[in-house]
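# Coordinate inspection notes
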Amino acid sequence: IGLLECCARCLIGAPFASLVATGLCFFGVALFCGCGHEALTGTEQLIETYFSKNFQDYEYLIDVIHAFQYFIYGTASFFFLYGALLLAEGFYTTGAVRQIFGDYRTTICGKGLSATVTGGPKGRGARGPQRAHSWQRVCQCLGKWLGHPDKFVGITYVLTIIWLLVFACSAVPVYIYFNTWTTCQSIANPTKTTASIGTLCADARMYGVLPWNAFPGKVCGSNLLSICKTSEFQMTFHLFIAAFVGAAATLVSLLTFIIAATYNFAVLKLMGRGTKF
């Protein structure tokens, strides 16, 4: 067959939903982990410089920040591995579904992968037993491992619920920094507010970042405005926003994975050729 026909057959069998979800997952996790790590480091520096002079006041906060940073390392490693597995499972089940409907004729590797799910030939033809190709054997072993789309759907569903909590937590620092930035805008434009500039403050203690006995714990008036104008504050604020966007992208990718995997599994079960629960 020609090159164009070969490419067309490959495109027909490609799991476009899984490809998009994988790219979105990798992008979202990289954005969330990279920007979140740097934003937490910037927050630690801002607290040390402006909100507390006593190390004991923010010692617990530093421990929490370091714990979140280690969590970020583990999250990045896990999702890059799991995303690759979901992409492989997407190729696997999509090839099996396309073979059932006759829209896609697989290669030797594709036949070996889909044989576990679709109940295809097991290496025995009209002339008796036939020796399976080495690549086909490898793919059949891989197919047996990936031949449980229902399990992938369940695991991805649990991960989505957990990631909803991570997504909600990533919105908290954005909310805190946005409130601080809004207060700075009021200080910079005193004509737009009836309150005195000296009473406009950013109190880290009210958000639980610092204990109530921390000193000073808050910054008010022109001092707060000078903090908001620093590059450290601006960079940390935008990094938290980027991490929030990354968390949202990862959540969308997980939902896309669930939809694609559920559809493929439902088709295989409906045709009576899928794996059993």
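Residues numbered from 1 in each chain as written. Predicted model: local features only at pLDDT ≥ 70, side-chain atom pairs only at ≥ 80, totals over all residues. Heavy atoms only, no water.

Take a nonpolar patch on the surface next. Taken together, Tyr157, Val158, Ile161, Ile162 and Leu164 make up a surface patch of nonpolar side chains, about 470 Å² in accessible area. Within the secondary structure, Leu164 sits in helix α6 (residues 149–188). (Patch = residues over 30% accessible without salt bridge, like charges linked within 9 Å, V, L, I, M, F, W, Y side chains within 5 Å. Areas by Shrake-Rupley, 256 points an atom, 1.4 Å probe, with all protein chains shown as cover. Salt bridge = Lys/Arg side-chain N within 4 Å of Asp/Glu carboxyl O. Helix = DSSP H or I, 4+ residues; strand = E, 2+ residues; numbered from the N terminus.)

Turning our attention to the UniProt feature "transmembrane region" (unreviewed entry) in the chain. As recorded in UniProt, the feature "transmembrane region" (unreviewed entry) lies at residues 12–32, 70–88, 152–178 and 239–266. Annotated as residues 70–88, this span is 100% helix and 0% strand, and its ends, taken at the C-alpha atoms, are 28 Å apart. (UniProt positions renumbered as here; feature names shortened; annotations may be inferred.)

Scanning all chains against the criterion turns up one salt bridge. For the salt bridge of Asp203 with Arg205, the shortest nitrogen-to-oxygen distance reads 3.0 Å. Relative accessible area serves as the criterion here: at 12%, Asp203 is assigned to the buried category. (Buried < 20%, exposed > 50% of the residue type's maximum accessible area, 1.4 Å probe, protein only.)

Here the focus is the packing of aromatic side chains. A complete count under the given rule lists 13 aromatic pairs for this structure. The interplanar angle of 35° and the centroid separation of 4.9 Å between the aromatic rings of Phe26 and Phe80 together place this pair among those described as tilted. Taken together, the positions of Phe26 in helix α2 (residues 16–51) and Phe80 in helix α3 (residues 55–101) put the pair 54 residues apart, joining distant regions of the chain. Here Phe80 falls in the partly exposed class, since its relative accessible area comes to 35%. A ring pair is formed by Phe233 and Phe237, whose centres lie 6.3 Å apart and whose planes are at 40°; its orientation type is tilted. Note that Phe233 and Phe237 are positioned in helix α8 (residues 231–270) at a spacing of four residues, about one turn of the helix. Connected via pairs of aromatic rings, a cluster forms that spans Phe32, Phe78, Phe79, Tyr82 and Trp163. (Phe/Tyr/Trp six-rings, centres within 6.5 Å; stacked < 30°, edge-to-face > 60°.)

This next bit is on the nonpolar core. By size, the foremost hydrophobic cluster in this structure holds 48 residues, and its most contacted members are Phe32, Ile47, Trp163, Leu210 and Leu224. If you list the elements that add at least two residues to this core, you get α2, α3, α6, α7 (221–228) and α8. For this core, the leading source of residues is α2, giving eleven residues. Those residues in contact with Ile47, other than ones at most four positions away along the chain, are Ser52, Tyr58, Leu61, Ala204, Val209 and Leu210. (Core = buried A, V, L, I, M, F, W, Y, C linked by side-chain atoms within 4.5 Å. Contact = heavy atoms within 4.5 Å.)

This next bit is on the state of the cysteines. What the rule picks out here adds up to two disulfides. Two residues, Cys184 and Cys228, share a disulfide whose sulfurs are 1.7 Å apart. As the torsion about the S-S bond is roughly 50°, the Cys184-Cys228 disulfide counts as right-handed. Of this pair, Cys184 sits in helix α6 while Cys228 sits in helix α7, placing them 44 residues apart in sequence. What pairs with Cys201 in a disulfide is Cys220, and their sulfur atoms sit 1.8 Å apart. (Disulfide = S-S within 2.5 Å.)

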